[in-house]
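Summary of structural features
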Amino acid sequence: MPFPPEPTVRPTDPTQTNAWKKLSDHYNTLKTAGISMRDWFAQDPSRVQEFTFTVGDLHIDLSKNIITSTTKNLLFELARELHIDERKKAMFAGEHINTTEDRAVLHTALRRPMEDEGKLIVDGQDCVKDVRYELNRMYAFAERVRLGQWTGVSGKAITDIVSIGIGGSDLGPVMVYEALKPYVQEGLRVHYVSNIDPCDMYEKTHSLNPETTLVIVVSKTFTTLETMTNARVARTWLLDALRKQGAITTKDDEARAIAHHFVAVSTNLELVQQFGISPDCTFGFWNWVGGRYSVDSAVGLSLMIACGVQAFEEFLHGFHAVDEYFYSTPLEENAIMLMGLLNVWYTNFFGASSHAVLPYSQYLHRFAAYLQQLTMESNGKSTRWDGTPVTCNTGEIFWGEAGTNGQHAFYQLIHQGTHLIPADFIAFANTAHATQDGNQDIHELFLANFLAQTKALAFGKTADEVRAEGTPEWMVPARVFSGNKPTTSIFGKELNAFSVGELIALYEHIVFVEGSVWGIDSFDQWGVELGKQLAKQIVPAFHDKDALSKQDASTQSLLAFYHSCRSYAHTMQK
Ligand code: F6P
């Protein structure tokens, strides 16, 4: 592939803007005056109103952040100086803002409605038309599987789907599948295999009946080591098991079995065919969809089968509602812009390095893992989109856990530790499984925790309040909560396909805003390449002396240890 041309549009150094200097002064003023959310709330009855927004049908409350009207105005001034609105429009229009790969960034085209066909022609392609064409193929296939019309080679309906992929070809589908568990068709189960650790494949497949199993191999490139290895292992497992069961005997049967039990999702149709999967069983997407931005493309095929076409359409509507908001809301009223800018405020002025995401929804238990790739693969960069070095810290370390489990694990550090950790709290008014404990609605108990935590983090507990409880003086400091820990509350009606789509789009755009401030290409991922290359070079060193001698001393010593352990393990087995 030829190298892309040097970009002509240079990023502006954010640290050299007037707004940055003003933000720096403003930060010092706040520090000197003392940040007090208690006072801010007491002095300004309209604070909640000023910092609460409706995005799609999500209610987003930013009032418990370290933000005043001045902060907000300066952050928007920064966005104006950096022309973020213009960059946003360029992204939606399909300009090649992914400079190091010379690609458009058009995940927003994946969820544009049918009526938009003909309105987005990029690089000669009618993107919306192509998306809808592929969606319709997938919908037809998914319906056949759901209705039991698509069968395994021995004529039995599919009950289990094994989806093989990694990174963006796995994290999104897994997270959404878990989130939408209440909507999964009875009798259908999806098992996601990602790790090259053979234990992952074993655990997900050993109890399955191959006759009723459909394997989806999901890989944008169809070259990823883990996915291709697992795909071959799955093929061997499936054919061996079918043979043992007497379901297939001849070579032709094998080909028929692959045709019934394997489908692929990829942009690399040639390699898919070489693997033995026909074009009819291949669902495509485009190089303008980044892996971590692809769950709403064919990569979501397992979700479509599990939850149905209607749910998938609602999922897309959720994304689109947030896209529309982000695109058309003026900068100074745009909550998503402000959320991205606030993250910059904490990272670059307060020195925050991590960001917690705390869904008060058990079904969102994989949301933090999903966001880790979206945010960290996108914005973990030290080079700007034109190859020059960044001028300030970039990226945030995203992590989290579904509430209230986190409360009994790491919240201590957020409340009283020395690190400033902005946290996003996510919850829904309704639950899929309303349950009473006597007179107590358990969902309300759950939400009370959500509200209590954000309150404690914002307002803390003073020494006088601790003393008033009769605490001995020496223990008072240990029981004081400083408060002023920033949180954002994101509240939805209920967790469903629409709201999951909204949440994903919300974070996609937050990532975009942050990356735009830092001047980085949030859509490439060169940082994962070196490890991949080295792993390929190390593989032969396990059994080839020449290859071993070319390794560094540390690798050689670890391999020597490995061999001694392996012989020991074999001895034990005998
Ligand atoms: O981890 C690197 C990466 O390239 C991700 O960006 C991507 O989501 C993942 O690998 C899987 O890639 P593919 O879908 O091509 O198998």
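Residues numbered from 1 in each chain as written. Predicted model: local features only at pLDDT ≥ 70, side-chain atom pairs only at ≥ 80, totals over all residues. Heavy atoms only, no water.

1. Quick notes on the packing of helix H1 (residues 18-33) against helix H4 (residues 69-81)
So the rule is basically this: Helix axes are fitted to C-alpha atoms over the stretch in contact, other axes to C-alpha atoms as well, and angles between N-to-C directions run from 0 to 180 degrees. Numbering of helices and strands runs from the N terminus, with a helix taken as a DSSP run of H or I at least four residues long and a strand as a DSSP run of E at least two residues long. By definition in this entry, angles of less than 35 degrees are roughly parallel, angles greater than 145 are roughly antiparallel, angles of 65 to 115 are roughly perpendicular, and the rest are oblique. Here a crossing is called left-handed whenever its near helix is offset anticlockwise from the far helix by less than a right angle, and right-handed whenever the offset is clockwise. Contacts between residues were defined by any pair of non-hydrogen atoms, one from each residue, lying within 4.5 Å. The classification used treats Ala, Val, Leu, Ile, Met, Phe, Trp, Tyr, Cys and Pro as nonpolar, Asp, Glu, Lys and Arg as charged, and all other residues, Gly among them, as polar.
With their axes 8 Å apart at the nearest point, H1 and H4 run at an angle of 160° to one another. One element, H1, and the other, H4, form an angle in the roughly antiparallel class. Note that H1 runs across H4; the crossing there is left-handed. On the side of H1, the interface is formed by Asn18, Ala19, Trp20, Lys22, Leu23 and His26, while H4 contributes Thr70, Thr71, Leu74, Leu75, Glu77, Leu78 and Glu81. Looking at the contact of H1 with H4 residue by residue, the class counts come to six nonpolar, four polar and three charged.

2. A short note on the nonpolar core
Filter applied, for reference: Grouping buried Ala, Val, Leu, Ile, Met, Phe, Trp, Tyr and Cys residues that are joined through side-chain atoms within 4.5 Å yields what is termed a nonpolar core. Exposed residues in this analysis have more than 50% of their type's maximum accessible area, buried residues have under 20%, and partly exposed residues fall in between, with area computed by a 1.4 Å probe over protein chains only.
One finds Trp288, Leu301, Ile305, Phe315, Trp345, Phe367 and Tyr507 to be the most contacted residues of the largest nonpolar core, which totals 156 residues. With 13 residues, helix H20 (residues 497-518) is the largest single contributor of residues to this core. Those residues in contact with Trp345 that sit more than four places away from it in its chain are Leu23, His26, Tyr27, Leu30, Ile66, Thr71, Leu75 and Phe350. The next biggest cluster of nonpolar side chains, apart from the first, holds 15 residues, and it includes Ile421, Phe446, Leu447 and Leu457.

3. Focus on the sheet that holds strand E6 (residues 189-193)
As a reminder of what qualifies: The rule for pairing is simple: two strands pair if DSSP sees at least two bridges between them.
Read from one edge to the other, the open sheet built from five strands follows the order E6-E5-E7-E8-E9, with strand pairing classed as parallel. Looking along the sheet, the strands with just one partner apiece sit at the ends: E6 and strand E9 (282-284). Taken pair by pair, the neighbouring strands of this sheet meet at an average axis angle of 20°, ignoring direction. Relative to the sheet, helix H6 (residues 127-146) contacts strand E7 (213-218), strand E8 (262-266) and E9, its axis offset from that of E9 by approximately 145°.

4. As for the UniProt feature "active site" (unreviewed entry) in the protein chain
Under the convention used in this document: UniProt positions are given in the numbering used here, feature names are shortened, and annotations may be inferred rather than shown by experiment.
Summarizing the sequence annotation, UniProt attributes the feature "active site" (unreviewed entry) to Glu377, His408 and Lys532 in the numbering used throughout. The greatest C-alpha distance among the annotated residues, which extend across 156 residues, is 37.0 Å, indicating that they are dispersed rather than converging on a single site. Structurally, Glu377 is set in helix H15 (residues 367-379). Here Glu377 is in contact with Arg292, Gln372, Asp524, Gln525 and Val528, once residues within four sequence places are set aside. Relative to the helices and strands, His408 is located in the loop between strand E11 (397-400) and helix H16 (411-416). A relative accessible area of 71% means that His408 is categorised as exposed.

5. Some words on the state of the cysteines
Here is the rule we go by: Two cysteine sulfur atoms form a disulfide, by the criterion used here, when they sit within 2.5 Å.
In the structure shown here, the tally under the stated rule is zero disulfides. You can see Cys199 has no disulfide; the closest cysteine sulfur is in Cys565, sitting 16 Å from it. The class for Cys199 is partly exposed, based on a relative accessible area of 46%.

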